[in-house]
Amino acid sequence: DPQQTELATASKRKLRRFIVIDEVVDKLYGSKVREYFEENNVQHKILALPTTEETKSMDLVLNILHEVQSFSLDRRTEPIIAIGGGVCLDIVGLAASLYRRRTPYIRVPTTLLSYVDASVGAKNGVNFLQCKNKLGGYTPPVASFLDRSFLLSIPRRHISNGLGEILKMALMKHKGLFDLLKNHGKYLLDTKFQSCNNFAHHGDAALQTTRIAIETMLEELAPNLWEDDLDRLVDFGHLISPELEMRVLPSLMHGEAVNVDMAFMTYVAHARGLLAAEDKEQILQCMRGLELPVWHSGCSWALIQRALRERLKHSGGQLRMPLPTGLGVADIFNDTSEETLERAYELWVKD
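Residues numbered from 1 in each chain as written. Predicted model: local features only at pLDDT ≥ 70, side-chain atom pairs only at ≥ 80, totals over all residues. Heavy atoms only, no water.

Looking at an unreviewed UniProt entry, one finds the protein named ARO1 protein and attributed to Nesospiza acunhae. Regarding the protein, the relevant UniProt record gives this comment under Cofactor (unreviewed entry): "NAD(+)". (UniProt positions renumbered as here; feature names shortened; annotations may be inferred.)

As structure tokens, then:
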């Protein structure tokens, strides 16, 4: 907004920014961040914190808020900046939404998962009583700044983890995105989603993949930002995974748990006659190519039953189960019988 830019640059008051950065990211990029604010004459406070699923709690939110209060933030003109993975973005989003009822914040994702998932939409939250994101709200950021160069410093497993959420959007909404993942998955893992000119036969697969993943996510989230409509294709892979992820921490990362859920639901779709055998095999082959787990011993039949009971409780008494009906097409179903689920589970375990 040119008017806001003019106001900001015309003000005699020194620019001030409060930054929350994941402590691992701080070790890698902290000096560059500090140098940036110093060169631009911005008074700043950088708070480096351990932001993991195990520390994703109200305690950490309150820790941030104590520091924000002592920094004496102006909630109208001084947005809090979050630099880190999805957990960091979620925690800071919740802290910002609570401080003075709503303080603006900016998301800077540093992992592939947060780049295509946590950076999009309005949700924030923390874990509570061993339940994933049980406390939270809907406060969108004023901006998300996306920079794929951060991905160079994350381990290969973290790239694969992010590919789980990208595959979710491909299976639900976009056959072209599925084909990109199937044909260029290894290349994307090897190059860590950097745009490389010397691999012409891959095109700019990194840019295309991330752009389509974010655009399809926005298509789903924007008209239903506050989740008034509980029939959501983006819930694919999120019926069983919250229970599984919290139960086996830290052995599965979020995108990995989502993929285990998606693999099982692929079998459910096949057992219901919605998905041809060759499509099921293509999906599983693609998952393996992206180095994602297609099964986990912690995903027992009892856990699946418990997770689906929780789903019924929190989705208006209906399962609202998104299932693929082909490659890149899907629908939501409320009539999947327990017998079908059990048959799918047995075949999944056997395979």
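Caption draft 1: Seen up close, a negative patch on the surface. Together, Glu338, Glu339, Glu342 and Glu346 give the surface a local cluster of negative charge. Tracing the backbone shows Glu338 in helix α13 (residues 338-350). (Patch = residues over 30% accessible without salt bridge, like charges linked within 9 Å, V, L, I, M, F, W, Y side chains within 5 Å. Areas by Shrake-Rupley, 256 points an atom, 1.4 Å probe, with all protein chains shown as cover. Salt bridge = Lys/Arg side-chain N within 4 Å of Asp/Glu carboxyl O. Lys, Arg positive; Asp, Glu negative; His and termini not counted. Charge placed at Lys NZ, Arg CZ, Asp CG, Glu CD. Helix = DSSP H or I, 4+ residues; strand = E, 2+ residues; numbered from the N terminus.)

Caption draft 2: Examining the pattern of salt bridges more closely. The tally for this structure, following the rule as stated, stands at 25 salt bridges. Among the salt bridges present, the one from Glu245 reaches Lys132, with a minimum N-O distance of 3.3 Å. On the criterion of sequence distance, the pair formed by Glu245 in helix α9 (residues 241-248) and Lys132 in strand β6 (residues 131-138) is long-range, its members being 113 residues apart. Using a relative accessible area of 1% as the deciding quantity, one classes Glu245 as buried. (Buried < 20%, exposed > 50% of the residue type's maximum accessible area, 1.4 Å probe, protein only.)

Caption draft 3: Representation of the layout of surface pockets within the structure. Roughly 1,400 Å³ of internal volume is contained in the second largest pocket. Forming the walls of the second largest pocket are 35 residues, and the residues nearest its centre are Leu15, Arg17, Thr77, Pro79 and Ile106. For the lining of the second largest pocket, the class distribution of residues is 18 nonpolar, seven polar and ten charged. (1 Å grid on protein atoms, 1.4 Å probe; cavity = no way out; pocket = protein on both sides within 12 Å on 5 of 7 lines; lining within 4 Å. Points joined across faces, edges and corners; volume = space filled by probe spheres on them. Nonpolar A, V, L, I, M, F, W, Y, C, P; charged D, E, K, R; others polar.)

Caption draft 4: Spotlight on the sheet that holds strand β4 (residues 105-109). The sheet built from five strands is open, its strands ordered β2-β1-β3-β4-β7 with parallel pairing. Both outer strands of the open sheet, β2 (43-49) and β7 (143-144), are each paired with one neighbouring strand and no more. Across the sheet, helix α2 (residues 23-39) lies against β1 (16-22), β2 and β3 (80-84), angled at about 160° from β1, the strand it touches most. Taken strand by strand, helix α4 (residues 86-98) contacts β1, β3 and β4, and its axis lies near 165° from that of β3. (Pairing = 2+ DSSP bridges. Contact = heavy atoms within 4.5 Å. Axes fitted to C-alpha atoms, helices over the stretch in contact; angles between N-to-C directions.)

Caption draft 5: Examining the side chain of Thr216 more closely. Of note, Thr216 is situated in helix α8 (residues 205-221). The residues touching Thr216, leaving out its near neighbours within four places in the chain, are Met169, Lys173 and His174.

Caption draft 6: Layout of the packing of helix α6 (residues 156-173) against helix α7 (residues 175-191). The contact between α6 and α7 brings their axes to 9 Å, and the two run at 170°. Comparing the axis directions of α6 and α7 gives the class roughly antiparallel. Contacts from Arg156, Ile159, Ser160, Leu163, Ile166, Leu167, Met169, Ala170, Leu171 and Lys173 in α6 reach Lys175, Leu177, Phe178, Leu181, Leu188, Leu189 and Asp190 in α7. In terms of residue class, the contact of α6 with α7 is made up of twelve nonpolar, one polar and four charged. (Parallel < 35°, antiparallel > 145°, perpendicular 65-115°, else oblique.)

Caption draft 7: Summary view of the UniProt feature "domain: 3-dehydroquinate synthase N-terminal" (unreviewed entry) in the protein. Mapped onto this numbering, the UniProt entry annotates "domain: 3-dehydroquinate synthase N-terminal" (unreviewed entry) at residues 48-160. Split by type, residues 48-160 is 35% helix and 25% strand. Its first and last C-alpha atoms lie 26 Å apart.

Caption draft 8: View of the packing of aromatic side chains. Taken as a whole and assessed by the stated rule, the structure comprises eight aromatic pairs. Members of the aromatic cluster, connected to one another through ring pairs, are Phe264, Trp301, Tyr345 and Trp348. Its end group placed over the ring of Phe71, Arg16 keeps NZ or CZ at 4.1 Å from the ring centre. (Phe/Tyr/Trp six-rings, centres within 6.5 Å; stacked < 30°, edge-to-face > 60°. Lys NZ or Arg CZ within 6 Å of the ring centre and 35° of its normal.)

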